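The lines below spell out each chain.
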Amino acid sequence: MEPLLQAEGIVNPNCSKTHIQYTFYLPKPSNKINIQFNYEPKEMEDLHAAKEIILKELGQFILEDEREEYSDHWERFLPLKNLLTLSIDDASGFRGCAHRHDPAQQLMIGECEASLGFLPGVIPAGLVRITLSLHAVVTNTCHYALKVWEGDEGFENMVTL
Amino acid sequence: MRDLKTWLPYELHTHTKHSDGTHTLMELAKSAKELGYQGIALTDHSTMSGIREREGVMAATHLLIIRGMEWTTFYGHVLLLGVDQFVDWRDLSPVDLQKRTAEIHDQGGLIGVAHPFRVGSPMCTGCFWHYQVQDWSEIDYIEVWSGVFPPIQKSNQRAFQFWTDLLNQGYRITAVAGRDWHNPGRVIEPLAATYLAISETQKDVEDRVIEALKRGRVSVSLGPLLLLHVTSTTQKMKWEIGETVVLMNREEKLKIVIDLDVTARANYWELNGEALRVALNSNLGYLTEFIMKAGTPKIIFELEITGLFWIRSELYGRMQECETMIAFTNPIYFSSLLDI
């Protein structure tokens, strides 16, 4: 079966604190939609770059007289991670969010059950919006892939980055 | 007839597998029960799907589960309590939080600021509070103690001072603790409880909790329950935490009563040594302090009230070999009919 949506992209640190939205038309009500969402890398491996980010950003969070104490222990904030989360809205409203750190997520909304974070129930005909919330992109590039399809076809080997 | 109230302990910030927690709601509720809490607020990140399990878990554990959510935004984490309809955060910018406050309040819900001074992005995404709040009276509460053994953390000391500054500006805003509880298992650090004065007249139990938070009928503690009230012999009146003392004349003499219930959650905390220091803080700074010893838990004294807008009690002592604040009450406020 043809997917309802298939997309991938590359984001960079400038994309932090932005949303990417994909909206598609569902012509008939659906009893089950599946979503495969992957991104990589998850962690920033360049320790030198991570240290630079941590020391720079701590300045806005820590009062000046305590800053040295925090800066001396910058390693406690490792590893720096990319965090992209996915939420879904349909013609009936908000259907849920998967706010968790897994960089490979297999999600579904079905008539009687749904992945944790989402509300089960028929997906009505109309527009379906997938929102990727880019809470943090710390690596120079981060590659994401998204696929949405209907029915009982499983997740195995559906998307590779 | 005076409304009867009972002080009960709650944990107001929790997560489950519906977001990034590692316990189920049932596991979380059982753990909370074992720790002596009367109820928890379910505040999963940006979803309310866990609420579907609420009735079954409450029936099985007899623990109240308050409906809520933690908006995990880019510019701060916002706690919503007592809401049953999703309210969106994804179109908010750092300058327009106020466009959603009415929507939350219209549902009868509360808006709270979570851990405002925790280190933020990208170390902890969105954790630091960046929202520009035009009118703090639209915010119902601030989580001034976040995490385990909260008063020893500098980020919480800063939040506590931030709250005090708002009180001094004339805002009546509630302060609470929240563990931000994600994982099962025992911890060795002291855990805070947010005690709420629960009215016995309202029918819905969740409404009682929301009302207590809204009215500031709140006392927060790692150990014994700290209480404060004011009486006037002239007016034959008594005012409790969260209430406003209305003065009929400037000569009125008020008695301040500070009480300590050492039986509250007594199995879940331990103090190093018997001596505890109780301080009475206010918009004029610290007014007085006393040493309290076990077995003498009540202090009564008269107070000069000129210039007072609010008072609160604070308890200090030793816990896990640290000199620390152990408890604080929310304020009793003052207003004078003579000013009207």
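Keep in mind that what you see is a predicted model, and the values were worked out from it rather than measured.

(A) Region of the structure containing the overall build of chain A. The number of helices and strands found in chain A is two helices and eight strands. Each principal axis of the C-alpha distribution contributes one length, and for chain A these read about 60 × 30 × 25 Å. Counting across all 161 residues of chain A, residues that qualify as buried make up 32%. Contacts spanning at least 24 positions in sequence make up 72% of the contacts within chain A whose residues lie at least 6 apart.

(B) The sheet that holds strand β8 (residues 142-150) of chain A, seen in detail. All names here are of chain A. The strand order across the open sheet formed by four strands is β1-β8-β3-β6, and the pairing between neighbours is antiparallel. Of all the strands in the sheet, the pair left with one neighbour each is β1 (5-11) and β6 (104-110). Here the average twist between neighbouring strands, direction ignored, is 10 degrees.

(C) Region of the structure containing the packing of helix α1 (residues 47-61) of chain A against helix α2 (residues 64-72) of chain A. Residue and element names in this part refer to chain A. The contact between α1 and α2 brings their axes to 10 Å, and the two run at 150 degrees. Classed by the angle they form, the pair α1 and α2 counts as roughly antiparallel. When you trace α1 past α2, the crossing you get is right-handed. In contact with L55, L58 and G59 of α1, α2 contributes R67, Y70 and S71. Of the residues assigned to the contact of α1 with α2, the class counts are three nonpolar, two polar and one charged.

(D) Looking closely at the interface of chain B and chain A. Listed per partner, the contact involves 22 residues of chain B and 28 residues of chain A. Each residue belonging to the side of chain B that touches chain A can be placed in one class, and the counts come to six nonpolar, 11 polar and five charged.

(E) Examining the pairing of strand β5 (residues 93-98) of chain A more closely. Residues and elements named next belong to chain A. Burial runs high along β5: five of the six residues are buried. Taken together, the five bridges between strand β4 (residues 83-90) and β5 define a ladder with antiparallel strand orientation. If you follow D89 over to β5, its bridge partner there is F94. Where β4 hands over to β5, the hairpin turn is made up of two residues, counted between the paired strands.

(F) View of the pairing of strand β3 (residues 32-40) of chain A. All names here are of chain A. As paired strands, β3 and β6 are joined by seven bridges and run antiparallel to one another. Pairing of K32 across the sheet is with G110, part of β6. Across eight bridges, β3 lies against β8 in antiparallel orientation. Following the sheet pairing, I35 is matched in β8 by V148.

Conventions and cut-offs
- Residues numbered from 1 in each chain as written.
- Chains lettered and ligands numbered in written order.
- Predicted model: local features only at pLDDT ≥ 70, side-chain atom pairs only at ≥ 80, totals over all residues.
- Helix = DSSP H or I, 4+ residues; strand = E, 2+ residues; numbered from the N terminus.
- Buried ≥ 20, exposed ≤ 12 C-beta atoms within 10 Å, placed from the backbone.
- Contact = placed C-beta atoms within 7 Å.
- Pairing = 2+ DSSP bridges.
- Axes fitted to C-alpha atoms, helices over the stretch in contact; angles between N-to-C directions.
- Parallel < 35°, antiparallel > 145°, perpendicular 65-115°, else oblique.
- Left-handed = near helix turned anticlockwise from the far one by under 90°.
- Nonpolar A, V, L, I, M, F, W, Y, C, P; charged D, E, K, R; others polar.

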